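Report on the structure
The chain contents come next:
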Amino acid sequence: MRPELLLARSCVTEARRSALPWIALGLLGAALGLAAFLSQVAVTESRELQAALAAALLRAGAAFLLAAHVAASIVREANDKVLELALALPLSRTRYYAGKLCGFGAIGFALAGAISAPMLLWASPGSVMLWGVSLGLELLLVAAAGLFFSVTLAGVVPAIVSTVGLYFLARAMAGIQLLARGPLTDESWTQAAARGVVDALALLLPRLDAVTRSEWLLYGAPGAAEFGAAIGTLLIYTALLCAAGLFDFHRRNL
Amino acid sequence: MSAHQRPLAAVPVWLWAAFATCLGVQIAIQAMRPPPAATASDLPPAPRAAALRAASLGEPAAIARLAMLYLQAFDLGAGNARPYQQLDFTVLAGWLRAILDTDPRSAYPLFAAARIYAEVEDPARCRVMLAFIHRSFLQDPNRRWPWLAHAALLAKHRLKDLQLARRYAADLERLTNAPDVPMWAKQMEIFILEDMNELEAAKILLGGLLETGHLQDPAERRFLEQKLKELEKRLSSGSRQ
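Residues numbered from 1 in each chain as written. Chains lettered and ligands numbered in written order. Predicted model: local features only at pLDDT ≥ 70, side-chain atom pairs only at ≥ 80, totals over all residues.

What follows deals with the overall build of chain A. Each helix and strand in chain A was counted, giving 10 helices and zero strands. Projecting the C-alpha coordinates of chain A onto the three principal axes gives extents of approximately 60 × 50 × 35 Å. Looking at the 254 residues of chain A, the share that counts as buried comes to 43%. Long-range pairs, those at least 24 residues apart, make up 78% of the contacts in chain A with a sequence separation of at least 6. (Helix = DSSP H or I, 4+ residues; strand = E, 2+ residues; numbered from the N terminus. Buried ≥ 20, exposed ≤ 12 C-beta atoms within 10 Å, placed from the backbone. Contact = placed C-beta atoms within 7 Å.)

Have a look at this one:
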């Protein structure tokens, strides 16, 4: 078996033997329970309320879980000198990095599959499938971001904070841009400068508000163009994070 | 028990006692606390739709529904000192507008406006809600016509404002073109005109409707033809007097 596939398999085995499956199960139970409780309070659209809340909570929860798992795993390996041992073998840094990303990506897709299944209670299989594929790729992006920050910052807390910060900023950026351009904003130079900074920042971030949308579950599957654009955004930014991570990894003195 | 753990007997007795005491004190204190009291407060100003979108982190459908639950819990809460009949309906309409702008395909804000808030006894407050429903309808007539139909009924029966009811019914007839809009909704204006004793206008509208050929159901067609004959009879008897 190719070494990167062996590394990927070891990542999956490590996740399976850790508390990750149980925490994911707990997350599922908590999100579905909360959605069911709140739907009892709703006077209309209770089905839509359950679907939207469960999807939003599970999506964010899965991203946080995966980011934390990647950071903990990579930093632990570095502290235990497993990384040095691996690189002493005939294994290039690129292959090591790719193997790790494949492993964490596979965990992300497994999480996406587990989270998508209950959505079938409220949405059509076609919509759920597209939502699930988008979530899997979104979690692959989170894994790539987690790997990048863990390798670069070499600390669990900084890596988790950076990954989660990047993730939520990317999801909020469209809203922040809308706020910056609102009709109530004045046209002072400070306002113009702030808007420029926001716009510049938006250029460096993926549009995560346009992917894995709960509207797909509520109002039907997206069109091919919308879905293609969402998937393209995710793949391009994942590739960018991989390139940045590899760049830093190749420069590091171990 | 894990192999990495020592048996429970290894825990000192004083620690068992301390743990049990602390747990008991915690439970006792919580049990003695009075239940949380509702605080009276007025509805805060409505947020902008852009602010709601920013706070949603890319989940506008979820935040729109959570905001509706917040609004609903705020005004329908049994302990609230200011039930929704006393709220500032202009602010309330602002909230509904922001929520609807956040998720334009949600029916929740319009449902609440038509079925809960517009049903208040106060005509001024009812009119604020009807105006909100009408404005929302104008943005997406083919999706939001049921709420305008309900608004027209409220204007007619609750407010006894036939002019307003006719305006809503006329907009509903004029601006909707989706095939799922039922004929009763499109015919509303005719019956309101009849109530207003505007028999000539009702006759013209009804005749026009029959001539369009859009009526597929033979029973419905027969009923409306009968209605047209009655109108003509009333008109002719009126002109003889």
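Per the secondary structure count, chain B includes 12 helices and zero strands. Along chain B, helices (α) and strands (β) appear in the sequence α-α-α-α-α-α-α-α-α-α-α-α when read from the amino end. Relative to its full complement of 241 residues, chain B shows a buried share of 34%. Restricting to contacts in chain B with at least 6 residues of sequence separation, those with at least 24 account for 57%.

Taken as a whole, helix α10 (residues 188-195) of chain B has its buried residues at Met-188, Glu-189, Ile-190, Ile-192 and Leu-193 of chain B. A positive backbone phi angle near 65° is found at Asn-197 of chain B, which sits one or two residues after α10 of chain B.

This brings us to the interface of chain B and chain A. Taken together, the 19 residues of chain B in the interface contact 25 residues of chain A. Breaking the side of chain B that touches chain A down by element, the ones donating at least two residues are α2 (49-55), α3 (60-76) and α5 (108-115) of chain B. Of the residues forming the side of chain B that touches chain A, the biggest block, five residues, is contributed by α3 of chain B. The residue inventory of the side of chain B that touches chain A, partitioned by class, reads 10 nonpolar, four polar and five charged. (Nonpolar A, V, L, I, M, F, W, Y, C, P; charged D, E, K, R; others polar.)

In terms of residue burial, α5 of chain B counts as a mostly covered element, since six of its eight residues are buried. All of the buried residues along α5 of chain B are Tyr-108, Pro-109, Leu-110, Ala-112, Ala-113 and Ala-114 of chain B.

Moving on: the packing of helix α5 (residues 93-116) of chain A against helix α6 (residues 125-153) of chain A. All names here are of chain A. Between α5 and α6, the shortest axis-to-axis distance is 8 Å and the interhelical angle comes to 145°. Where α5 crosses over α6, the two elements pack in a sense that is right-handed. Touching Lys-100, Leu-101, Phe-104, Gly-105, Gly-108, Phe-109, Leu-111, Ala-112, Gly-113, Ile-115 and Ser-116 of α5 are Val-128, Trp-131, Gly-132, Leu-135, Gly-136, Leu-139, Leu-140, Val-142, Ala-143, Ala-144 and Leu-147, all from α6. (Axes fitted to C-alpha atoms, helices over the stretch in contact; angles between N-to-C directions. Left-handed = near helix turned anticlockwise from the far one by under 90°.)

All names here are of chain A. In this model, Lys-81 sits at a positive phi of 65°, which is unusual for a non-glycine residue. As for its position among the elements, Lys-81 is in the loop between α3 (46-79) and α4 (82-88). Judged by the 11 C-beta atoms lying within 10 Å of it, Lys-81 is exposed. A positive phi angle, near 55°, is found at Ala-154, a position not held by glycine. Note that Ala-154 resides in the loop between α6 and α7 (156-180).

With that settled, consider the packing of helix α6 (residues 123-139) of chain B against helix α7 (residues 141-157) of chain B. All names here are of chain B. Across the interface, α6 lies against α7 with an axial gap of 8 Å and an inter-helix angle of 155°. Judged on the interaxial angle alone, α7 and α6 are roughly antiparallel. Two packed elements cross with a definite hand, and for α6 against α7 that hand is left-handed. Here α6 contributes Cys-126, Leu-130, Ile-133, His-134, Ser-136, Phe-137 and Leu-138 to the contact with α7, which in turn contributes Pro-141, Arg-144, Trp-145, Trp-147, Leu-148, Ala-151, Leu-154 and Ala-155. (Parallel < 35°, antiparallel > 145°, perpendicular 65-115°, else oblique.)

Attention now moves to the nonpolar core. Judged by nonpolar contacts, the single largest core of 132 residues is most densely connected at Met-129, Ile-133 and Ala-151 of chain B. Ranked by residues supplied to this core, first place goes to α3 of chain A with 18 residues. Apart from residues no more than four positions distant in its own chain, Met-129 of chain B is found in contact with Phe-89, Ala-93, Ala-113, Tyr-117 and Ala-118 of chain B. (Core = buried A, V, L, I, M, F, W, Y, C linked by C-beta atoms within 7 Å.)

This brings us to the environment of Thr-163 of chain A. Residue and element names in this part refer to chain A. Residue position: Thr-163 is located in helix α7. The exposure class assigned to Thr-163 is buried, which follows from the 27 C-beta atoms found within 10 Å. C-alpha separation for the pair Thr-163 and Ala-67, spaced 96 residues apart in sequence, amounts to 6.5 Å. Not counting chain neighbours up to four residues away, the residues in contact with Thr-163 comprise Ala-67, Ala-71, Val-142, Ala-145, Gly-146 and Phe-149.

This part is about the environment of Thr-152 of chain A. Residue and element names in this part refer to chain A. Examined against the element boundaries, Thr-152 turns out to sit in helix α6. On the basis of neighbour count, Thr-152 is assigned to the partly exposed category, with 17 C-beta atoms found within 10 Å. Along the backbone, Thr-152 and Ala-244 are 92 residues apart, and their C-alpha atoms lie at a distance of 9.7 Å.

With that settled, consider the environment of Trp-131 of chain A. Inspection of the secondary structure puts Trp-131 of chain A in helix α6. Spatially, the C-alpha atoms of Trp-131 of chain A and Trp-216 of chain A are 6.9 Å apart, while their sequence positions differ by 85 residues.

Here the focus is the confidence of the model for chain B. Residues and elements named next belong to chain B. Predicted confidence across chain B gives a mean pLDDT of 81, with 85% of residues reaching 70 or more. Between the elements of chain B, mean pLDDT differs from a low of 72, seen in helix α11 (residues 199-212), to a high of 94, seen in α6. Here the prediction assigns the complex a pTM of 0.77, and the interface score ipTM is 0.72. (pLDDT = per-residue confidence, 0-100.)

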